[in-house]
Amino acid sequence: MPEPYRICYQGGQGEIVEKKSRFIANVRPVKTEEEAIAFIEETKKQYWDARHNCYAYVCGERNQQMKCSDDGEPSQTAGRPMLDVLLGEGLHDVCVVVTRYFGGTLLGTGGLVRAYSQAVKEGLAASHILEKLPGRKLTVTSDYTAIGKLQYLSAQAGLTILDTQYTDQVVTTLLVPESQVPSITTQITESTNGTANIQCSDPFYYGLDGKKLILF
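Residues numbered from 1 in each chain as written. Predicted model: local features only at pLDDT ≥ 70, side-chain atom pairs only at ≥ 80, totals over all residues. Heavy atoms only, no water.

Colleague: Quick question: what am I supposed to make of the packing of aromatic side chains here?
Modeller: One pair of aromatic rings is described through two measures. These are the centre distance and the angle between the planes. The full count for this structure, using the stated rule, is 6 aromatic pairs. Looking at K132, its charged tip hangs above the ring of F216, at a distance of 4.6 Å from the centre. (Phe/Tyr/Trp six-rings, centres within 6.5 Å; stacked < 30°, edge-to-face > 60°. Lys NZ or Arg CZ within 6 Å of the ring centre and 35° of its normal.)

Right under this line is the structure:
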């Protein structure tokens, strides 16, 4: 069964200053490693005069692709801590580049780890994080006597009615969370005495942005 997972829906930018060094975190949603690399190169061109452009990214529903870089900072002080923040937040399909303008004071390994980690957190705080939820569309064809029962069942279960078509019959399309598909199918069958025709779509992902429904 597909599992829910968190993504960066819209990117953002955050910045911190540590002992006069500026750490600018730019976050962007990416679906592939190629998109991540393109974003990294774009950011490096934008901040061409910076001493470091460190990065981390994770791509795929199961983090099939992930990579990080210290870009000249001491080993394990930038890229890995940045990646650890992304993984700690349970994020997928996201790339972050932290640009550092050196302020003249060395921060030490511990200071660098804290600064890069905090910069990523600031960047994520300015971004739009969304949970992708697995679901299916149930298309229910019934006579007019069943529509009230379907509407009541949907309201009780907190389901979204995506579409209703009225012809000689009523065709209702419901968005059902993956885990509820068997029980909802049974309830529809029972409430309509087996007269409704139910067609189930392939699984897909959706998200809720406040009250706005997003289909992926």
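Colleague: Just checking my understanding: could you explain the pattern of salt bridges for this structure?
Modeller: Working definition: two side chains of opposite charge can pair if their charged atoms are close together. Counted according to the given criterion, the structure contains 6 salt bridges. The shortest N-O distance in the salt bridge between E15 and R22 comes to 2.8 Å. Among the ionic pairs, R100 bridges to E73, the shortest N-O distance being 2.9 Å. Of this pair, R100 sits in strand β7 (residues 94-101) while E73 sits in the loop between β5 (65-69) and α2 (79-88), and the two are 27 residues apart along the sequence. Note on R100: relative accessible area 4%, which makes it buried. (Salt bridge = Lys/Arg side-chain N within 4 Å of Asp/Glu carboxyl O. Helix = DSSP H or I, 4+ residues; strand = E, 2+ residues; numbered from the N terminus. Buried < 20%, exposed > 50% of the residue type's maximum accessible area, 1.4 Å probe, protein only.)

Colleague: Would you take a moment to explain the sheet that holds β7 for this structure?
Modeller: Sheet strands associate in pairs through backbone hydrogen bonding, adopting either a parallel or an antiparallel arrangement. Ordered in space as β2-β3-β7-β4-β5, the 5 strands form an open sheet in which the pairing is antiparallel. The open sheet is flanked by β2 (13-18) and β5, the only strands paired with a single partner. Averaged over neighbouring strand pairs, the angle between their axes works out to 15° when direction is ignored. In terms of strand pairing, strand β4 (residues 52-59) meets β5 through 5 bridges, oriented antiparallel. For V58, the partnering residue across the bridge sits in β5 and is M66. (Pairing = 2+ DSSP bridges. Axes fitted to C-alpha atoms, helices over the stretch in contact; angles between N-to-C directions.)

Colleague: Any chance you could explain the layout of surface pockets here in plain terms?
Modeller: Where empty space is left can be seen by rolling a probe of water-molecule size over the atoms. The volume enclosed by the largest pocket comes to roughly 160 Å³. I7, C8, Y9, P29, V30, K31, E35, D93, K132 and F216 together form the lining of the largest pocket. A per-class count over the lining of the largest pocket returns 6 nonpolar, no polar and 4 charged. (1 Å grid on protein atoms, 1.4 Å probe; cavity = no way out; pocket = protein on both sides within 12 Å on 5 of 7 lines; lining within 4 Å. Points joined across faces, edges and corners; volume = space filled by probe spheres on them. Nonpolar A, V, L, I, M, F, W, Y, C, P; charged D, E, K, R; others polar.)

Colleague: Help me understand the nonpolar core, please; the structure alone is not making it clear to me.
Modeller: If you look at soluble globular proteins, the nonpolar side chains tend to sit buried side by side. Counting 24 residues, the largest nonpolar core has F23, M82, L86, V96, V98, Y116 and V120 as the members making the most contacts within it. Sorting the residues of this core by element identifies β3 (21-29), β4, α2, β7 and α3 (108-125) as the ones contributing at least two each. Considering every element that reaches this core, the biggest residue donor is α3, with 6 residues. With near-sequence residues (within four places) excluded, Y116 lies in contact with F23, H52, C54, E73, T77, A78, M82, V98 and R100. Core analysis: the second largest hydrophobic core is formed by 11 residues, L138, L159, L174 and V176 among them. (Core = buried A, V, L, I, M, F, W, Y, C linked by side-chain atoms within 4.5 Å. Contact = heavy atoms within 4.5 Å.)

Colleague: Explain the environment of A56 to me, please; I cannot follow it from the model alone.
Modeller: With respect to the element layout, A56 can be found in strand β4. On the basis of relative accessibility, which here comes to 0%, the residue A56 falls in the buried class. Residues A56 and V85 lie 29 residues apart in sequence; the distance between their C-alpha atoms is 9.5 Å.

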